[in-house]
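# Observations on the three-dimensional arrangement
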Amino acid sequence: QVQLVESGGGLVQAGGSLRLSCAASGLTLRWYTVGWFRQDPGKEREFVAAKNWSGGMLYYADSVRGRFTISRDNARNMVYLQMNNLKPEDTAVYYCAADSAGGRISTQISRYDYWGQGTQVTVSS
């Protein structure tokens, strides 16, 4: 059974930092493209960042570029999202996802095969 489990969310003041983690089981993450998405209540889920299996392809949403960093530890089957200089508009539930087509980068939700349950990030002003 494939599982992605996020952790590391919480409440932080604007300008602060958080590091989200995503632990994968039931699949070998090294062959997958991994991504982070977020969703605020009443809004559609949106793309945040993604990295392909080799790490040679990397992409960020304009809203987080320069502040967020996606990384992966294939040996540990882990994915991370370092979030710096957080803003109130970053408040959302954050989800990690895995795309079995590890050679591509996609911002589309439908391209991802597996999803975690999400972790809440709240940024106060």
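My aim in this report is to walk through the structure given alongside it, one point at a time. Please read all numbers here as calculations on a predicted model, not as lab measurements.

### Considerations on the overall build of the protein
For the protein, the helix and strand inventory stands at zero helices and eleven strands. For the protein, the succession of helices and strands along the chain, N to C, is β-β-β-β-β-β-β-β-β-β-β. Its C-alpha atoms give the protein a radius of gyration of 13 Å, near enough to 14 Å, the size a compact globule of 125 residues would have. In terms of overall dimensions, the protein has a C-alpha envelope of 40 × 30 × 25 Å along the principal axes. Here the protein holds 125 residues, and 45% of them are scored as buried.

### Here's the deal with the pattern of salt bridges
This structure, assessed with the given rule, holds six salt bridges. Between Arg38 and Asp90 there is a salt bridge, with the nearest N and O atoms lying 2.9 Å from each other. Taken together, the residues span a long stretch of sequence, with Arg38 in strand β4 (residues 33–39) and Asp90 in the loop between β8 (78–83) and β9 (92–99) at a distance of 52 residues. Judged by relative accessible area, which is 0%, Asp90 ranks as buried. Residue Arg65 pairs with Asp62 through a salt bridge whose shortest N-O separation is 2.5 Å. Given a relative accessible area of 63%, Asp62 falls into the exposed group. Look at the salt bridges and you will find they share partners, linking Arg38, Glu46, Arg67 and Asp90 into a network.

Definitions and limits used
- Residues numbered from 1 in each chain as written.
- Predicted model: local features only at pLDDT ≥ 70, side-chain atom pairs only at ≥ 80, totals over all residues.
- Heavy atoms only, no water.
- Helix = DSSP H or I, 4+ residues; strand = E, 2+ residues; numbered from the N terminus.
- Rg over C-alpha atoms; globule rule 2.2 N^0.38 Å.
- Buried < 20%, exposed > 50% of the residue type's maximum accessible area, 1.4 Å probe, protein only.
- Salt bridge = Lys/Arg side-chain N within 4 Å of Asp/Glu carboxyl O.

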